[in-house]
Amino acid sequence: DSGVTQTPKHLITATGQRVTLRCSPRSGDLSVYWYQQSLDQGLQFLIQYYNGEERAKGNILERFSAQQFPDLHSELNLSSLELGDSALYFCASSAPGINSPLHFGNGTRLTVT
Amino acid sequence: SQELEQSPQSLIVQEGKNLTINCTSSKTLYGLYWYKQKYGEGLIFLMMLQKGGEEKSHEKITAKLDEKKQQSSLHITASQPSHAGIYLCGAPGPHGGSQGNLIFGKGTKLSVKP
C-alpha cells in the first residue's frame with residue numbers, strides 16, 4: 001500500500017459530461033501529481049501541485065483542471081468528456097526533496113461511452 | 001523533446017531464468033527511475049539512479065546507468081512469478097517544477113512461466 005488514496009476506482013460516463021477524480025496524498029507529502037495512462041500515449045504527466053499551488057503543467061488539456069486544497073487532497077476535474085479521454089488516471093505524491101520518488105495511487109479507470 | 005525507449009516491449013521467461021530490460025534516452029539522463037506496475041494497479045517505485053556508472057540492487061533486481069548517462073538496464077536474477085508485471089523507466093521531463101514530473105517509457109511487459 002503506497003499510502004496514496006484515489007477515488008473512485010472506476011467511473012463510467014457519457015460524452016459531454018463532467019467528472020471529478022479525488023486524491024489523498026501520503027501523510028506528510030506536500031506535492032501531488034496527476035498522470036494519465038492510455039494504451040496509445042502511455043503514461044503522461046498532467047499537472048503538479050505543491051502545498052496548494054500549481055507548480056508545473058504537462059500535457060493537460062484545457063478541458064481539464066485540478067486543484068489542491070488546504071488539507072492537501074487534490075481533485076482533477078475533467079469536462080466535456082470525449083471518447084479519447086478514456087484512460088487510467090493516477091495520482092502520485094512525493095516528500096520534499098529533489099530526489100524523492102513518486103508514490104502512486106491505484107488509479108481511477110475512466111470509461112467514456 | 002526527450003524520449004525514453006524501452007526494449008523489449010514484452011518478455012516471457014521461464015521461472016529461474018535471468019533477464020534484462022533496457023531503457024534508452026534520446027538525451028542525457030539527469031536521473032532515471034524504475035517502476036513496476038501490476039495490471040490495472042499503481043506504479044511501485046523500485047530504484048533511482050543519478051550518476052554515470054551507478055548501480056543499485058534490491059533483492060534480485062539490479063539497475064545500472066551507463067557512463068554516458070543515456071541508457072539504463074534492469075536485470076533480474078533467477079526470476080520468479082512475483083516478478084511478473086510491467087516495468088517502466090522514467091526520467092525528469094521538460095515541464096519544470098520538480099523531479100517528480102517524469103516522462104516514461106512505454107513499458108516492458110514481463111511474464112514468468114512457472
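I will try to describe carefully the structure that is included in this document. Since we're looking at a predicted model, the values are computed, not measured.

### Observations concerning the overall build of chain A
- For chain A, the count of helices and strands is zero helices and eleven strands.
- When its helices and strands are written in sequence order, chain A yields β-β-β-β-β-β-β-β-β-β-β.
- Projecting the C-alpha coordinates of chain A onto the three principal axes gives extents of approximately 40 × 25 × 25 Å.
- Across the 113 residues that make up chain A, the buried fraction comes to 52%.
- Considering only residue pairs separated by 6 or more positions, chain A has 53% of its internal contacts joining residues 24 or more positions apart.
- Accessible area of chain A: about 5400 Å², with a carbon and sulfur share of 47%.

### What about the state of the cysteines?
- This model, assessed by the stated rule, comprises two disulfides over all chains.
- Here Cys 23 of chain A pairs with Cys 91 of chain A through a disulfide, and the sulfurs are 1.8 Å apart. The sign of the -55° torsion about the S-S bond sets the Cys 23 of chain A-Cys 91 of chain A disulfide as left-handed. Taken together, the residues span a long stretch of sequence, with Cys 23 of chain A in strand S3 (residues 19-24) and Cys 91 of chain A in strand S9 (residues 87-94) at a distance of 68 residues.
- The disulfide that involves Cys 23 of chain B links it to Cys 89 of chain B, with 2.1 Å between the sulfurs. Between Cys 23 of chain B and Cys 89 of chain B the sulfur-sulfur dihedral comes to about 75°; the bridge is accordingly right-handed.

### Side note on the interface of chain A and chain B
- Contacts between the two partners involve 24 residues from chain A, matched on the other side by 21 residues from chain B.
- When the buried surface of chain A facing chain B is broken down by residue, Leu 43, Asn 99 and Phe 104 of chain A rank first, second and third, together holding 26% of it.
- For the pair chain A and chain B, the interface holds zero salt bridges.
- The interface formed by chain A and chain B contains six residue pairs in polar contact (both at pLDDT 80 or more).
- When contributions to the side of chain A that touches chain B are tallied by element, the ones reaching two or more residues are strand S4 (31-38), strand S5 (42-50), strand S6 (53-57) and S9 of chain A.
- For the side of chain A that touches chain B, the element with the highest residue contribution is S5 of chain A, accounting for four residues.
- The residue makeup of the side of chain A that touches chain B, split by class, is eleven nonpolar, nine polar and four charged.

### Here's the deal with the pattern of salt bridges
Residue and element names in this part refer to chain A.
- Summed over the entire model, instances satisfying the criterion amount to five salt bridges over all chains.
- Linking Arg 63 and Asp 85 is a salt bridge whose minimum nitrogen-to-oxygen distance equals 2.8 Å. Taken together, the residues span a long stretch of sequence, with Arg 63 in the loop between S6 and strand S7 (64-68) and Asp 85 in the loop between strand S8 (74-78) and S9 at a distance of 22 residues. One exposure class covers both Arg 63 and Asp 85, and it is buried.

### Topic: the sheet that holds strand S1 (residues 4-7) of chain B
Residue and element names in this part refer to chain B.
- What the five strands build is an open sheet, ordered S1-S3-S8-S7-S6; its pairing is antiparallel. Edge positions in the sheet fall to S1 and strand S6 (55-58), since each has one partner strand and no second. Ignoring which end each strand starts from, the neighbouring axes of this sheet average 15° apart.
- With four bridges joining them, S6 and strand S7 (residues 61-65) adopt antiparallel strand pairing. Note that in S7 the partner of His 58 across the bridge is Ile 61.

Parameters and conventions
Residues numbered from 1 in each chain as written. Chains lettered and ligands numbered in written order. Predicted model: local features only at pLDDT ≥ 70, side-chain atom pairs only at ≥ 80, totals over all residues. Heavy atoms only, no water. Helix = DSSP H or I, 4+ residues; strand = E, 2+ residues; numbered from the N terminus. Buried < 20%, exposed > 50% of the residue type's maximum accessible area, 1.4 Å probe, protein only. Contact = heavy atoms within 4.5 Å. Areas by Shrake-Rupley, 256 points an atom, 1.4 Å probe, with all protein chains shown as cover. Disulfide = S-S within 2.5 Å. Buried area = accessible area lost by both parts, 1.4 Å probe. Salt bridge = Lys/Arg side-chain N within 4 Å of Asp/Glu carboxyl O. Polar contact = N/O pair within 3.5 Å; in protein donor to acceptor, adjacent residues only side chain to side chain. Nonpolar A, V, L, I, M, F, W, Y, C, P; charged D, E, K, R; others polar. Pairing = 2+ DSSP bridges. Axes fitted to C-alpha atoms, helices over the stretch in contact; angles between N-to-C directions.

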